[in-house]
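# Coordinates in review
Chain by chain, the residues run as shown.
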Amino acid sequence: MTYETFFEEVKGFGIPDPFFTKENKLYKINSKNGDEEFISRHVPYITMCFDDIERNNIQYELKWFNDDKIYNEVVPATALATKREVIELANKGLSSNDRNARPLIEYFDLFLEKNKLKRSLVVSHIGYVGNHFIHPQMESKFRVVPPDEGELQRLRAVQCSGSVEGWIKNVLEPLYDNPKALFPVIASFASVLFKEYDLTPIVVDISGISSSGKTTVQKVCASVWGMPSGYISSMLTTKIAIERMASFLNAFPLILDDTNTAHDTKALQQIIYMFGNGTGKMRGSLEGSRGTSSWQSVFITTGENNILEYTNSQGSAARVIPITNFKFVNKKADYFTALNQNVEQYYGSVGLEFLKRWKHHSKRFYGRFKKLMEFYQEDAGSNNVMRRIALHYAFIVFVGEVLNELFREEGIKIPINDFTELFLTMCSDNDHVDRAKNVLIEVLEELDANRSHIYGEYEPNNGIHAIVNCNGLFLTVDYVNKRLGVDAKQIREAWKTQQHTVEQKNKGKSVDYKNITHKKQTFRVAQVNQDFLEEQGFNFSRNCF
Ligand SMILES: Nc1ncnc2c1ncn2[C@@H]1O[C@H](COP(=O)(O)OP(=O)(O)OP(=O)(O)O)[C@@H](O)[C@H]1O
Ligand SMILES: [Mg+2]
């Protein structure tokens, strides 16, 4: 790169008095004695002004030439106006330091006054900006400036390689006989339509034994939008990093591999909640006010264990579609080899084309989703959590139908009917979708296995977890609260409403506890419904006193 190229780029800009340049270095005339003062080894030019309409802040493009290289940085306005931040530009390669920071601030200020800059609209994320949709490969009046390295990596990954037909034939078709694999792939498409249909964000979790092909399927999900190796990253990261990534992707799916590698599996519950709420925390930052981050999208996770294993609440279950016991049947090693190679060759084109076609044909599908939703809600029966998932499930199936129609000419034929059966399997397979009930079963199994905590005839000396008398089994509230921790309130409420525990009245209010006297001591307890005990095959009554 020669200085001439750089000069071509900045030749329209004038250096403001009293500054001037000599041999591509910046000088200033001292106003008192008229001496030439050396300011900086580089001459920075402010070449463009970026207006971030969402965050209401201004950024500038700064260019300078050094060592045969053109430096080009986008910096917030404050970086040119405060001494500390001007010095920090040294980290980006500019020769700023404690000595010249003040004159540089003066220089930047005068430069902006002298030169009329081109203004351009910028955003810090892809996906929706108002009603406008940003895909890096589509023409747009916005320029995307990613806030950080991780986001930049994602932005670069959203690219196209190979044809739509090639992707369908070599990447999608091999999954046709496996609805558990197809579902997350369709969810990857569906993600960008969540806002239009006003759906809350949802996690699609793929779990199954090692080497069952979970990561391979995740690569297919990523290949809808871009280069899988750049698009997917590991779950080994912080909650804040996940929040920032979700916010950057906005409508595009967030795809993170392997929940087993999460720093702290306890944080997974918080992550599910945070993602499901669709907003991050408001955080101040040095670059000025950073607005609340938000997203409306799908989060595709994988792991050997169902992500709900790490959580303990009904709320999480309503935010996750768990695809469990994931596997491919009768597939040889070369099947995986081929798939893993194909996703590196065919990616991105289908997603881009999907957006274009959807824009033109979306009206055609009006009303179809509602029918599917009613169908799946009926299938979910009285299970509230499944009913809530049913909405998202139906939407993803709907997008499967849309794909079949939009890409009929290219030969997409996703076997949609298989998803009905998958949903029913999920209802019955997935005990986690009814978390509260399972926690109670766990508690009862523990009691059954270790009866020394039950106060029947003799008082336990290692903690009273339950009391048994002729009226039935009573869990001490003290124990239950300790056992359930932060989720105690929620789970006890679910037990009561599902009639796993007996409803009591206290001053006219419906509660799950009452006081009983046993062996002359009073205990606050929750009574387990006798029908529930029988239904689950427990019998504590041989200790009946
Ligand atoms: N790049 C690749 N080339 C060829 N085969 C691969 C490649 N990556 C994975 N495989 C094979 O594909 C199969 C599925 O691997 P994959 O990594 O998708 O499984 P997984 O379910 O994610 O496993 P884990 O739980 O260990 O992460 C394995 O037999 C693996 O050896
Ligand atoms: Mg894996």
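On a predicted model such as this, the values are computed, not experimentally measured, just so you know.

Another point: the overall build of the chain. Counting its secondary structure elements, the chain contains 20 helices and 24 strands. Seen through its principal axes, the chain has C-alpha atoms that stretch 105 × 60 × 45 Å. The burial tally for the chain puts 54% of its 545 residues in the buried class. Excluding contacts between residues fewer than 6 apart, the proportion of contacts in the chain whose partners are at least 24 apart in sequence is 68%. Accessible surface, the chain as shown: approximately 25800 Å² in total, 47% of it carbon and sulfur. The averaged location of the 67 negative side-chain charges in the chain is 4 Å from the averaged location of its 65 positive side-chain charges.

All right, on to helix α4 (residues 149-157) then. Among all positions of α4, only E151, L152, R154, L155 and A157 are buried. Buried residues along α4 sit in contact with β10 (142-144), α8 (228-231), β12 (233-234), α9 (239-249) and β13 (254-257).

Moving on, we come to the domain arrangement of the chain. Assigned domains of the chain: these are domain 1 (3-123), domain 2 (129-429) and domain 3 (435-543). Taken over C-alpha atoms, the centre of domain 1 sits 43 Å from the centre of domain 2. The interface of domain 1 with domain 2 comprises 16 residues on the first partner and 13 residues on the second. A per-residue breakdown of the area domain 1 buries against domain 2 is headed by R55, L121 and V123, which together make up 49% of the total. Applying the counting rule to domain 1 against domain 2 returns 1 salt bridge. Seen at the junction of domain 1 and domain 2, the total is 3 residue pairs in polar contact (both at pLDDT 80 or more). When contributions to the side of domain 1 that touches domain 2 are tallied by element, the ones reaching two or more residues are β5 (57-66), β6 (69-76), α2 (83-88) and β7 (118-123). For the side of domain 1 that touches domain 2, the residue count by class is 7 nonpolar, 4 polar and 5 charged.

Attention shifts here to the packing of aromatic side chains. With the rule as written, the count across this model stands at 43 aromatic pairs. An angle of 90 degrees between the planes, with centres 6.0 Å apart, marks the rings of Y45 and F111 as edge-to-face. Of the two residues, Y45 is situated in strand β4 (residues 45-52) and F111 in helix α3 (residues 101-114); the sequence distance between them amounts to 66 residues. Each member of the pair, Y45 as well as F111, is classed as buried. The interplanar angle of 50 degrees and the centroid separation of 6.4 Å between the aromatic rings of Y197 and W358 together place this pair among those described as tilted. Taken together, the residues Y197 in the loop between α6 (179-190) and β11 (202-207) and W358 in helix α13 (residues 349-361) connect sequence positions 161 residues apart. Members of the aromatic cluster, each reached through a chain of ring pairs, are Y3, F6, F7, F13, F19, Y45, F65, Y107, F108 and F111. If you follow K22 out to its NZ or CZ, it ends over the ring of Y27, 4.9 Å from the centre. Positioned above the aromatic ring of Y335 is the side chain of K331, whose terminal nitrogen or guanidinium carbon lies 5.0 Å from the ring centre.

Read from one edge of the open sheet, 5 strands run β18-β19-β20-β24-β23, paired in mixed fashion. Two strands in the sheet have a free side with no partner beyond their single neighbour: β18 (454-455) and β23 (514-518). By the bridge criterion, 4 bridges tie strand β19 (residues 466-469) to strand β20 (residues 472-476) in an arrangement that is antiparallel. Paired with A466 across the strands is L475, a residue of β20. Against the sheet, helix α18 (residues 477-484) touches β20 and β24 (521-527), its axis set at about 60 degrees to β20.

Right, let's talk about the nonpolar core for a bit. If you look at the biggest cluster of nonpolar residues, it comprises 108 residues, and the most contacted ones within it are W167, F183, F354, Y393, V399, I414 and F419. With 13 residues, helix α15 (residues 384-406) is the single largest residue contributor to this core. In this structure F183 touches V204, I321, I323, Y393, I396, V397, F419 and L422, once residues within four positions along its chain are discounted. Listed in part, the 30 residues of the second largest apolar core include V10, I39, F65 and I70.

Near ligand 1 the following residues occur: I209, S210, S211, S212, G213, K214, T215, T216, F336, T337 and N340. In the environment of ligand 1, an oxygen atom lies 3.1 Å from a nitrogen or oxygen atom belonging to the backbone of S212. The side chain of K214 places a nitrogen or oxygen atom 2.8 Å from an oxygen atom of ligand 1. For ligand 1, whose unbound accessible area comes to 630 Å², protein coverage reaches 63%. Mapped onto the shell around ligand 1, the elements with two or more residues apiece are α7 (214-223) and α12 (333-342). Across the shell around ligand 1, the residue classes tally to 2 nonpolar, 8 polar and 1 charged.

What follows covers the pattern of salt bridges. Using the criterion set out here, one finds 25 salt bridges in the structure. Put simply, D148 and R244 hold a salt bridge, and the shortest N to O gap is 3.5 Å. Taken together, the residues span a long stretch of sequence, with D148 in the loop between β10 and α4 and R244 in helix α9 at a distance of 96 residues. The salt bridge partner of K496 is E493, with a shortest N-O separation of 3.7 Å. A residue pair is termed a helical-turn pair when its members lie 3 or 4 positions apart in one helix, as K496 and E493 do in helix α19 (residues 488-497) at 3 residues. Through salt bridges with shared partners, a single network forms among R364, R368, E401 and E405.

What follows deals with unusual backbone geometry. Going from D17 to P18, the amide bond is cis rather than trans, its omega being 0 degrees. For P18, the location among the structural elements is in the loop between α1 (3-10) and β1 (19-22). Residue S211 is not a glycine yet carries a positive backbone phi of 65 degrees. Structurally, S211 is set in the loop between β11 and α7. Overall, S211 belongs to the exposed group, its relative accessible area being 71%. Notably, N330 is not glycine yet its phi reads approximately 55 degrees, a positive angle. Mapped onto the elements, N330 comes out in the loop between β17 (320-323) and α12.

Conventions used here
- Sequence order sets the numbering: in each chain, residues are counted from 1 along the sequence as written.
- Here every chain gets a letter starting at A, and every ligand a number starting at 1, in the order they are written.
- Only residues with pLDDT of at least 70 get local features here, since the model is predicted, and only at 80 or more are side-chain atom pairs given and counted; chain-wide, interface and lining totals rely on the full set of residues.
- Side-chain numbers here rest on the full set of heavy atoms in the structure, without hydrogens or water.
- Numbering goes from the N terminus for both helices and strands, where a helix is a DSSP run of H or I of at least four residues and a strand is a run of E of at least two.
- Think of it in three bands: with a 1.4 Å probe and only protein chains considered, a residue is buried below 20% of the maximum accessible area for its type, exposed above 50%, and partly exposed in between.
- Only heavy atoms matter for contacts: two residues are in contact if any of them lie within 4.5 Å across the pair.
- Surface exposure here means Shrake-Rupley accessible area, sampled with a 1.4 Å probe, where a residue is shielded only by the protein chains that are shown.
- None of His or the chain ends enter the tally, which takes Lys and Arg as positive and Asp and Glu as negative.
- Charged groups are reduced to one reference atom each: NZ for lysine, CZ for arginine, CG for aspartic acid, CD for glutamic acid.
- In this document the domain limits rely on a domain assignment from an automatic tool or a database.
- In this description, buried area is defined as the sum, over both parts, of the accessible area (probe of 1.4 Å) that is lost when the two are combined.
- Only one rule defines a salt bridge in this text: a Lys or Arg side-chain nitrogen within 4 Å of an Asp or Glu carboxyl oxygen.
- Two N or O atoms form a polar contact when they lie within 3.5 Å of each other; inside protein one atom must be a possible hydrogen donor and the other a possible acceptor, and for residues adjacent in sequence the pair counts only when both atoms belong to side chains.
- When residues are grouped by polarity, Ala, Val, Leu, Ile, Met, Phe, Trp, Tyr, Cys and Pro land in nonpolar, Asp, Glu, Lys and Arg in charged, and all others, Gly among them, in polar.
- Working definition: rings of Phe, Tyr and Trp (its six-membered ring) pair if their centres are within 6.5 Å, and the pair is stacked with planes under 30 degrees apart, edge-to-face with planes over 60 apart, and tilted otherwise.
- Lysine and arginine charges are scored as sitting over a ring when NZ or CZ, respectively, is within 6 Å of the ring centre and within 35 degrees of the ring normal.
- Any two strands with at least two DSSP bridges between them are considered paired.
- Helix axes use the C-alpha atoms of the stretch in contact, all axes being lines fitted to C-alpha atoms, and the angles between their N-to-C directions lie in the range 0 to 180 degrees.
- Buried Ala, Val, Leu, Ile, Met, Phe, Trp, Tyr and Cys residues that are joined via side-chain atoms within 4.5 Å together make up what is termed a nonpolar core.
- Throughout, the term near means that a residue has one or more heavy atoms lying within 4 Å of the molecule or strand in question.

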